[in-house]
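Here are the chains, one letter per residue:
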Amino acid sequence: MSWLPTLVDACYFLAALLFILGLKRMSSPRTARGGIVWAGVGMLLAVLATFALPDMHNRGLILAAVLIGVAAAWWSGRRVAMTAMPQMVALYNGMGGGAAAGIGAAELVAHVQRAATMVPDTSPLRPESWAIDALHQVPAVAPLSPVALLLGVLGALIGAVSFSGSLVAFAKLQGWMDRRFVFPGQRIVNLLVLLLALLHGAMLATGHLELPVIAAFFVLSLLFGLLMTLPIGGADMPVVISLYNAFTGLAVAFEGYVLGNEAMIIAGMVVGAAGTLLTQLMAKAMNRSLGNVLFGSFGAAAGGAAQEIAGAQKPIEAADAAVMMAYAERVAIVPGYGMAVAQAQHKVWEFAKLLIERGVKVKFAIHPVAGRMPGHMNVLLAEAGVPYDLIEDMDDINPEFPNTDVVLVIGANDVVNPMAKTDPSSPIYGMPILDVAAAKHVIVVKRGKGTGFAGIENALFYADNTRMLYGDGQAAAGQLVSELKSLDV
Amino acid sequence: MIDGFVALYIFMLAAFTGHEIIARVPVILHTPLMSGSNFVHGIVLVGAMIALGHASTPFETGLGFVAVLLGAGNVAGGYVVTERMLEMFKPSAGKPGDKA
């Protein structure tokens, strides 16, 4: 059976190669759809190879856990609405982080128990590590080298933070949790919890492997992930999910080192690096630094100095709005999270098609961070069947707004807030926005008079050329469609 | 088993690879790509399987079982969600004759 380990290693190698090629394909729109299949084949290979590993116990249990986990996630992932994708990504990412933390915990506990019973480690994965006992207070049976121990602890910490943090992100986006949770001295408490977690981690890494220390370490790590995510507002969620995605990648890579599994190291590290860069790109699109997102929560910085907005919001009826757009030359539609929540993308596209039939030039203008994830709106509009070439990025459409007759803002708020340009005290000051106020007329579809997810007033709603069309995005778009149709009768 | 410096080289090269892959990605693909990389770190399932496969006490077995469960969820959920997102990136405007 000497060929078996080689075969397993070859499978891992192929898996790592397929992951990289798959991700590479996913980074271009032309090949993206094939990319996930490549990565999927790689994953299948790696999992099958692991079953074939010699000296594995509990094969029945493993199979059962894999089947249950796959079935549950497959089912939930299939039936969830496209609009709920961001929180599903957060949820599955949290699971990965939890798995990495679980591996770390199992390794640490195993270490303690082996040390206690003085049974030599018979794991085939790290035979030579028996000899390494430096730094450990436990005698010669220590199965983990100091580096492996350190990385294992670090991976467990990062994985646990990613786990609890992602679950909070999921709960927030799902609407199960209040938007933000702030209390005085929060940062100091968070810092203290982190320091305590690190302290316990350091104790573990230097060989103080006792069960109470391990337990405290995990409780503190989980608590930190929780506390760190609670004060972050919904507008920043995409950045946070991406950050936790990178975290999970790193945790996987570190645990991969502990287990001596190259496929885990490579896949984890690639995701860690890619996720970090992606996080930075997203934060940049919002003109905020990562530190600002994590520690300078929205609202806390707003203070009392915010500008007062003069004037009132001026309502409009759907019939008038429809007529306005029907006889316009150029119309731009700005979708936001509100459209996603209301599942209004199909109705909006139906409305846009009717306008196009009448000879109106319609464009969709998408802010880089509209929705809860970059590209969120593109995905939804693509789902509704909106052609690619009608969708414009912020940089391309901003110069066109002065020549646009009507801008229809549907469910977007912070990304069109002119205070980002005019009010230095505003928490979103400096964020690039869609310059819709430059258009001749603006119609804002909005549920009520409240503020956006970031909890900030929007001067656009009070502007002279703005009219408010109150209502749920789906209902409002439906009204616009029927009003537009009735024009021709 | 990988010894210290070889592991360090692997870490470094993999990090550069990840950086290169993402460096010039259009904004519209950020979400699918985040989801795709979310699937790829589902490889943690393999590690969880190994941990469970080597568990010797009930406590370790329990930890390993939960880890495999979570890892399997990461893999399956990540795949399904990514696939559904990318499904929508059919060739521009969904013209049937247009080859991607």
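Calculation notes
Residues numbered from 1 in each chain as written. Chains lettered and ligands numbered in written order. Predicted model: local features only at pLDDT ≥ 70, side-chain atom pairs only at ≥ 80, totals over all residues. Heavy atoms only, no water. Helix = DSSP H or I, 4+ residues; strand = E, 2+ residues; numbered from the N terminus. Buried < 20%, exposed > 50% of the residue type's maximum accessible area, 1.4 Å probe, protein only. Contact = heavy atoms within 4.5 Å. Salt bridge = Lys/Arg side-chain N within 4 Å of Asp/Glu carboxyl O. Polar contact = N/O pair within 3.5 Å; in protein donor to acceptor, adjacent residues only side chain to side chain. Axes fitted to C-alpha atoms, helices over the stretch in contact; angles between N-to-C directions. Parallel < 35°, antiparallel > 145°, perpendicular 65-115°, else oblique. Left-handed = near helix turned anticlockwise from the far one by under 90°. Nonpolar A, V, L, I, M, F, W, Y, C, P; charged D, E, K, R; others polar. Buried area = accessible area lost by both parts, 1.4 Å probe. pLDDT = per-residue confidence, 0-100. Core = buried A, V, L, I, M, F, W, Y, C linked by side-chain atoms within 4.5 Å. Pairing = 2+ DSSP bridges.

Novice: Let's hear about the overall build of chain A: which residues, and what values?
Specialist: Across its full length, chain A carries 17 helices and six strands. In chain A, buried positions account for 57% of the 489 residues. The contacts in chain A between residues at least 6 apart in sequence include a share of 76% that link residues at least 24 apart.

Novice: Could you give me a rundown of the pattern of salt bridges, with the residues and numbers involved?
Specialist: Residue and element names in this part refer to chain A. Taken as a whole, this structure holds seven salt bridges over all chains when the rule is applied. Residues Asp405 and Lys440 are paired through a salt bridge, measuring 3.5 Å at the closest nitrogen-oxygen approach. Of this pair, Asp405 sits in the loop between α15 (394–397) and β4 (406–410) while Lys440 sits in the loop between α16 (419–422) and β5 (441–446), and the two are 35 residues apart along the sequence. A relative accessible area of 45% places Lys440 in the partly exposed class.

Novice: Tell me about the side chain of Asn417 of chain A, and please be specific about residues and values.
Specialist: All names here are of chain A. Within the secondary structure, Asn417 is located in the loop between β4 and α16. Accessibility expressed as a relative area gives 0% for Asn417, which makes it buried. Within the structure, the side chain of Asn417 is placed 3.5 Å from the backbone nitrogen of Ala459, a separation counted as a polar contact. Aside from chain neighbours lying at most four places away, what touches Asn417 is Ile428, Ile433, Ile456, Glu457, Asn458 and Ala459.

Novice: Talk me through the packing of helix α13 (residues 345–357) of chain A against helix α14 (residues 376–384) of chain A; I want residue IDs and the actual numbers.
Specialist: The relative placement of two packed helices is expressed as an angle between their axes plus a distance between the axes. All names here are of chain A. It is the contact of α13 with α14, at a shortest axis distance of 9 Å, that shows an interaxial angle of 65°. Taken as axis vectors, α13 and α14 run roughly perpendicular relative to one another. Crossing of α13 over α14 shows right-handed handedness. Between α13, through Gln345, His346 and Trp349, and α14, the contact on the second element is made entirely by Leu380, Glu383 and Ala384. Of the residues that constitute the contact of α13 with α14, the class distribution is three nonpolar, two polar and one charged.

Novice: Can you break down the interface of chain A and chain B residue by residue, with the values?
Specialist: Counting residues at the interface gives 105 residues for chain A, matched by 79 residues for chain B. Roughly 8,300 Å² of surface becomes buried between chain A and chain B when both sides are summed, with 79% attributable to carbon and sulfur atoms. Broken down residue by residue, the surface that chain A buries against chain B is led by Arg33, Ile36 and Met43 of chain A, which jointly contribute 8%. In this assembly, chain A and chain B are joined by one salt bridge. A salt bridge links Glu83 of chain B to Arg78 of chain A, with the shortest nitrogen-to-oxygen separation between them at 2.9 Å. Where chain A packs against chain B, one counts twelve residue pairs in polar contact (both at pLDDT 80 or more). Breaking the side of chain A that touches chain B down by element, the ones donating at least two residues are α1 (3–26), α2 (32–51), α3 (59–79), α4 (85–117), α5 (146–174), α8 (237–259), α9 (262–285) and α14 of chain A. Examining the composition of the side of chain A that touches chain B, we find that 18 residues originate from one element, α4 of chain A, more than from any other.

Novice: For the confidence of the model for chain B, give the residues involved together with the corresponding values.
Specialist: Residues and elements named next belong to chain B. Here chain B averages 83 in pLDDT, while 85% of its residues score no lower than 70. Mean pLDDT in chain B bottoms out at helix α1 (residues 4–23), which sits at 88, and peaks at helix α3 (residues 44–53), which reaches 95. Note that residues 92–100 has pLDDT below 50 and, in this model, seven contacts with residues that lie over four places away or in other chains. On the interface metric, ipTM, the complex scores 0.89, and its pTM is 0.76.

Novice: How would you summarise the nonpolar core if you had to cite specific residues and measurements?
Specialist: The biggest cluster of nonpolar side chains holds 168 residues, and the ones touching the most others in it are Met325 and Phe364 of chain A together with Ile43 of chain B. Take this core: its biggest share by element is 15 residues, from α4 of chain A. If we skip the residues at most four places from it in the chain, Met325 of chain A touches Val331, Phe351, Leu355, Val360, Val406, Leu408, Ile443 and Leu480 of chain A. Listed in part, the 23 residues of the second largest apolar core include Ala332, Ala412, Met431 and Val436 of chain A.

Novice: Requested: an account of the sheet that holds strand β6 (residues 466–470) of chain A, with residues and values cited.
Specialist: Residues and elements named next belong to chain A. The strand order across the open sheet built from six strands is β3-β2-β1-β4-β5-β6, with neighbouring strands paired in parallel fashion. Whereas interior strands pair on both sides, the edge strands pair on one side only; in this sheet they are β3 (391–393) and β6. Averaged over all pairs of adjacent strands, the angle between their axes in this sheet comes to 25°, without regard to strand direction. Sheet topology note: the strand β1 (residues 330–335)/β4 ladder contains five bridges and is parallel. Each bridged residue has a counterpart across the sheet, and for Ile333 the counterpart in β4 is Leu408. The strands touched by helix α11 (residues 318–326) are β1, β4, β5 and β6; relative to β5, the strand with the most contacts, the crossing angle is about 140°. In the packing of α14 onto the sheet, the strands contacted are β1, β2 (361–366) and β3, and the crossing angle to β2 comes to about 140°.

Novice: I'd like a rundown of the confidence of the model for chain A, residues and numbers included.
Specialist: Residues and elements named next belong to chain A. Of all residues in chain A, 87% attain a pLDDT of 70 or more, and the chain-wide mean is 84. Predicted confidence for residues 127–142 stays below pLDDT 50, and this span has 33 contacts to residues more than four positions away or in other chains. Here residues 298–306 is a poorly scored stretch, pLDDT under 50, and it has 15 contacts once near neighbours within four places are set aside; other chains count.

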